[in-house]
Amino acid sequence: MHADGTPFFWLGDTAWELFHRLTREEADLYLDDRQRKGFSVIQAVVLAELDGLTAPNAYGDVPLVDNDPTKLVERYFKHVDYVVDAAERRGMFVGMLPTWGDKFNRKWGVGPEIFTPENARAYGELLGRRYRTKPIVWILGGDRSPESPAHFAIVRAMADGLRAGDGGAHLMTYHPMGGQSSSRYFHADDWLAFDMFQSGHGARNIANDRYVENDRSLTPVKPVVDGESRYEDHPINWKPENGWFDDFDARQGAYWSLLSGAAGHTYGDHDIWQFLSPAHAPVSSARTPWREALHHPGSAQMGYARRLFMSRPFLELVPDQTMLAAGADSGAAHQRSARARDGGYAMIYSPLGRPITVRLDAVRGPSVRAAWFDPRTGATRSIGTFRTAEVRTFDPPGEEGRGNDWVLVLDSERRSSPSGGQHR
């Protein structure tokens, strides 16, 4: 939440190479698009993945003098400053990764490994001081998980340095490798304000709701976000012969995660994280120039999701699968449900448009208003009013199947009419 207690909905976009590959004019174009669509967090990397230490940015600058994390190249960081300020002007936060993970645990990629606990702390303090007053959330890690005592020491030292530099002004989390969560490594660390997992790109129908359920069950209680879900226009399991993730895959991951109790969700587009253009070779079979990829439908649909959840008291929403009287189904068809703690409203997601059988008494009062929310268009269709004493089956519009996903929205008659979408 914001400092004044109003809800903050984390709607992130993975723009990993933003500081490294775009000009200022291009960054403005990208940020304008994401602002229009309702994104609230832009996730970007200072020491970027794609040869970020030796391949210069759009203005010919590298970030460090002789790959020394204690010696920043001011011209490079002036460009980072510009992008951070541009996001701030548009009301967005930057989820700033101080470095991609290959700089402390190469494992794969370019590297080189340049960090020790000592220079990681110094580098963190430099960044923390520089962006102390800016709308930043620190994201450590960078698609790597710690695998040795030295790795843990580097990460914790960088966190200490960031906190020393910004005086604790910003939240911190950790972005691990695919199929893992920060909770496995740092959940008990006091610098970790909330957990982040990466459900990844290895298959369709990855059950990212299970990560949320696991992390929400831990002590101390911390919020959790899927920081890298299946990318739109990414080859499934990195193999084009398997097909490509599309906007349905992006929506399915978002609604599964949100209705299982996540504090928000991060969308990604395979062409945009790397800002694919003729100037750069495609990574992992990327196929669409980034300016065209801005118009992939999934990014706009994430904004529809944010508007839906923020149209009601979002902080009151808790997962509740017991509402599903006929069970939650499984695999691609798995249904997720959540309700307000006070019974004011409830939402159930049906990924394949299969019927939903629901115990309406999860909503308070003698009667409930029901409606279908279309996650593809943001439109809402009224169904009718029903007694909460009923167990009722709702059959979504259209033919059952992949891409015909719907959200059943139930509102107590005692609530004023919300404005979650375009009513028709």
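Here is what the cut-offs are and how they apply
Residues numbered from 1 in each chain as written. Predicted model: local features only at pLDDT ≥ 70, side-chain atom pairs only at ≥ 80, totals over all residues. Heavy atoms only, no water. Helix = DSSP H or I, 4+ residues; strand = E, 2+ residues; numbered from the N terminus. Rg over C-alpha atoms; globule rule 2.2 N^0.38 Å. Buried < 20%, exposed > 50% of the residue type's maximum accessible area, 1.4 Å probe, protein only. Contact = heavy atoms within 4.5 Å. Areas by Shrake-Rupley, 256 points an atom, 1.4 Å probe, with all protein chains shown as cover. 1 Å grid on protein atoms, 1.4 Å probe; cavity = no way out; pocket = protein on both sides within 12 Å on 5 of 7 lines; lining within 4 Å. Points joined across faces, edges and corners; volume = space filled by probe spheres on them. Nonpolar A, V, L, I, M, F, W, Y, C, P; charged D, E, K, R; others polar. Pairing = 2+ DSSP bridges. Right-handed = clockwise from strand over helix to strand, strands pointing away. Arc of directions from axis to C-beta.

Draft legend 1. Broad picture of the overall build of the protein chain. Assigned secondary structure in the protein chain consists of eleven helices and 20 strands. Radius of gyration (C-alpha) of the protein chain: 22 Å, near the 22 Å computed for a compact globule of 424 residues. When its C-alpha atoms are laid out on the principal axes, the protein chain stretches across 70 × 45 × 40 Å. Within the protein chain, buried positions represent 59% of all 424 residues. Sequence separation of 24 or more characterises 72% of the internal contacts of the protein chain that already satisfy a separation of 6 or more. As displayed, the protein chain has an accessible area near 15,700 Å², and 50% of this comes from carbon and sulfur atoms.

Draft legend 2. Quick look at the layout of surface pockets. Here the largest pocket is characterised by a volume of approximately 870 Å³. What lines the largest pocket is a set of 30 residues, and nearest its centre among them are Met-1, Phe-8, Pro-223, Ala-263 and Leu-315. Considering only enclosed or pocket space, the second largest pocket measures out at about 450 Å³ in volume. Lining the second largest pocket are 29 residues, with Glu-49, Trp-108, Asp-143, Glu-228 and Trp-238 positioned closest to its centre.

Draft legend 3. Broad picture of empty space enclosed by the protein. The final tally for this structure, using the stated rule, is one cavity of 30 Å³ or more. In this structure, the largest cavity spans a volume of roughly 50 Å³. Around the largest cavity, the lining residues are Thr-99, Phe-104, Leu-140, Gly-141, Ile-154, Val-155 and Met-158. For the lining of the largest cavity, the elements supplying multiple residues, two or more each, are β6 (136–141) and α5 (149–166). Here the residues of the lining of the largest cavity sort into five nonpolar, two polar and no charged.

Draft legend 4. A look at the side chain of Thr-14. Position of Thr-14 relative to the elements: it lies in strand β1 (residues 10–14). In this structure Thr-14 comes out as buried when scored by relative accessible area, which is 0%. Beyond its immediate stretch of four places on either side in the chain, Thr-14 contacts Gln-43, Gly-227, Tyr-231, Thr-266, Tyr-267, Gly-268, Asp-269, Ile-272 and Trp-273.

Draft legend 5. The arrangement of the pairing of strand β9 (residues 195–198) in detail. Residues of β9 alternate between two faces, with Asp-195 and Phe-197 on one and Met-196 and Gln-198 on the opposite face, all of them buried. In terms of strand pairing, strand β8 (residues 180–181) meets β9 through two bridges, oriented antiparallel. Opposite Gln-180, over in β9, you have Gln-198 as the bridge partner. Bridge count for β9 against strand β10 (residues 224–226) is three bridges, and the pairing is parallel. The partner of Met-196 across the bridge, within β10, is Val-225. Taken together, β9, helix α7 (residues 208–216) and β10 form a β-α-β motif whose crossover is right-handed.

Draft legend 6. View of α7. For α7, the complete set of buried residues consists of Asn-208, Asp-209, Val-212 and Asp-215. For α7, the arc enclosing every buried residue in end-on projection is 130°, short of the 170-degree limit, so these residues lie on one face.

Draft legend 7. Here's a closer look at the pairing of strand β17 (residues 379–387). Note that strand β16 (residues 367–373) and β17 share seven bridges and pair antiparallel. For Arg-369, the partnering residue across the bridge sits in β17 and is Thr-385. Connecting β16 to the next strand, β17, in antiparallel fashion are five residues, including Gly-378 with a positive phi near 80°.

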